[in-house]
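# Examination of the molecular architecture
Single-letter residue listing:
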Amino acid sequence: DQQVKQNSPSLSVQEGRISILNCDYTNSMFDYFLWYKKYPAEGPTFLISISSIKDKNEDGRFTVFLNKSAKHLSLHIVPSQPGDSAVYFCAARGSSASKIIFGSGTRLSIRP
Amino acid sequence: DAGVIQSPRHEVTEMGQEVTLRCKPISGHNSLFWYRQTMMRGLELLIYFNNNVPIDDSGMPEDRFSAKMPNASFSTLKIQPSEPRDSAVYFCASSLGTSGRRVGYEQFFGPGTRLTVL
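Parameters at a glance
Residues numbered from 1 in each chain as written. Chains lettered and ligands numbered in written order. Predicted model: local features only at pLDDT ≥ 70, side-chain atom pairs only at ≥ 80, totals over all residues. Heavy atoms only, no water. Helix = DSSP H or I, 4+ residues; strand = E, 2+ residues; numbered from the N terminus. Rg over C-alpha atoms; globule rule 2.2 N^0.38 Å. Contact = heavy atoms within 4.5 Å. Areas by Shrake-Rupley, 256 points an atom, 1.4 Å probe, with all protein chains shown as cover. Polar contact = N/O pair within 3.5 Å; in protein donor to acceptor, adjacent residues only side chain to side chain. Core = buried A, V, L, I, M, F, W, Y, C linked by side-chain atoms within 4.5 Å. Buried < 20%, exposed > 50% of the residue type's maximum accessible area, 1.4 Å probe, protein only. Salt bridge = Lys/Arg side-chain N within 4 Å of Asp/Glu carboxyl O.

On to the overall build of chain B, then. Of regular secondary structure, chain B possesses zero helices and 13 strands. From first element to last, N terminus to C terminus, chain B shows the α and β order β-β-β-β-β-β-β-β-β-β-β-β-β. For chain B, the C-alpha radius of gyration of 14 Å lies close to 13 Å, the compact-globule estimate for 118 residues. Each principal axis of the C-alpha atoms in chain B carries an extent, and together these give about 45 × 30 × 25 Å. Put simply, 55% of the contacts in chain B that link residues at least 6 apart link residues at least 24 apart. Carbon and sulfur atoms make up 49% of the accessible area of chain B, which totals about 6,000 Å².

The next point concerns the environment of A:Asn67. Residue and element names in this part refer to chain A. By the secondary structure assignment, Asn67 is in strand 7 (residues 62-67). Remark: the alpha-carbon pair of Asn67 and Lys54, spanning 13 residues in sequence, is separated by 9.2 Å. Leaving out residues up to four positions away in the same chain, Asn67 has contacts with Tyr25 and His72. In this structure the side chain of Asn67 is engaged in a polar contact, spanning 3.0 Å, whose partner is the backbone nitrogen of Ala70.

A few words now on the nonpolar core. Ranked by internal contacts, the top residues of the largest apolar core, which has 24 residues, are A:Phe33, A:Trp35, A:Leu73, A:Leu75 and A:Tyr88. Among the secondary structure elements, those contributing two or more residues to this core are strand 3 (19-25), strand 4 (32-38), strand 5 (45-51), strand 7, strand 8 (72-77), strand 9 (86-93) and strand 11 (106-111) of chain A. Per-element accounting of this core gives the leading share, four residues, to strand 9 of chain A. For A:Phe33, the residues in contact, after removing those within four places along its chain, are A:Tyr25, A:Ile48, A:Ser49, A:Ile50, A:Ser52, A:Leu66, A:Leu73, A:Ala91 and A:Ala92. Core analysis: the next-biggest nonpolar cluster, separate from the first, contains 21 residues, B:Val19, B:Ile79, B:Ala88 and B:Cys92 among them.

All right, on to the pattern of salt bridges then. All names here are of chain B. Within the structure shown, the criterion is met by 10 salt bridges over all chains. Arg36 serves as the salt-bridge partner of Glu44, at 3.2 Å between the closest nitrogen and oxygen. For Glu44, a relative accessible area of 17% translates into the label buried. The shortest N-O distance in the salt bridge between Glu62 and Arg85 comes to 2.7 Å. Of this pair, Glu62 sits in the loop between strand 6 (53-56) and strand 7 (65-71) while Arg85 sits in the loop between strand 8 (74-79) and strand 9 (88-95), placing them 23 residues apart in sequence. On the basis of relative accessible area, Glu62 is assigned to the partly exposed category, the value being 24%. Given the relative accessible area of 55%, Arg85 is considered exposed. The network of salt bridges with common partners includes Glu62, Arg64, Glu83, Arg85 and Asp86.

Spelled out as structure tokens, the structure:
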């Protein structure tokens, strides 16, 4: 039973345009959400997070939006750059203070 | 800070052999996590420790898998005997957890160990 779902395994966006990665979750008790970025042959690296008491968090070119009623969050990257090509994982904090649950990832490709 | 350190980076072994993966978390972090990444299942949490104590091992696939954390700076994941279906990339991650008045949920990942069981 996947509690965190990324339904798009891949996404291709032109350089300079906006990339939107989506994530859905099923557990209304999740209170903290994170996005990770992963390059080949490297471990995932933390990108941005949002608490459930907020609906938006922005950090430079990256913005995460949270819609609690729809149990949906999204990551916006604008403008998209070639270095943004990577796999992006959505994650949510479960009932434990430490444990987080990852989605299956979306491979983003930025084309010139 | 060197970040999370994992060894070996690559391991090729034959079916039936014992495999031991090692991890050194970031100094001061109280929580340590072992993940497995496969094409089919993405990132699966196998087990995690808080203050060296195993908290949740429900993700450990079978009794062939075991993990230990003898001290705050070292953990091992052992597979015995190994099988071809264990082939995957295994990641170790650590996080600050709850340390006094500081709380950190972000996990910092090591570079992973790519395991191939022939």
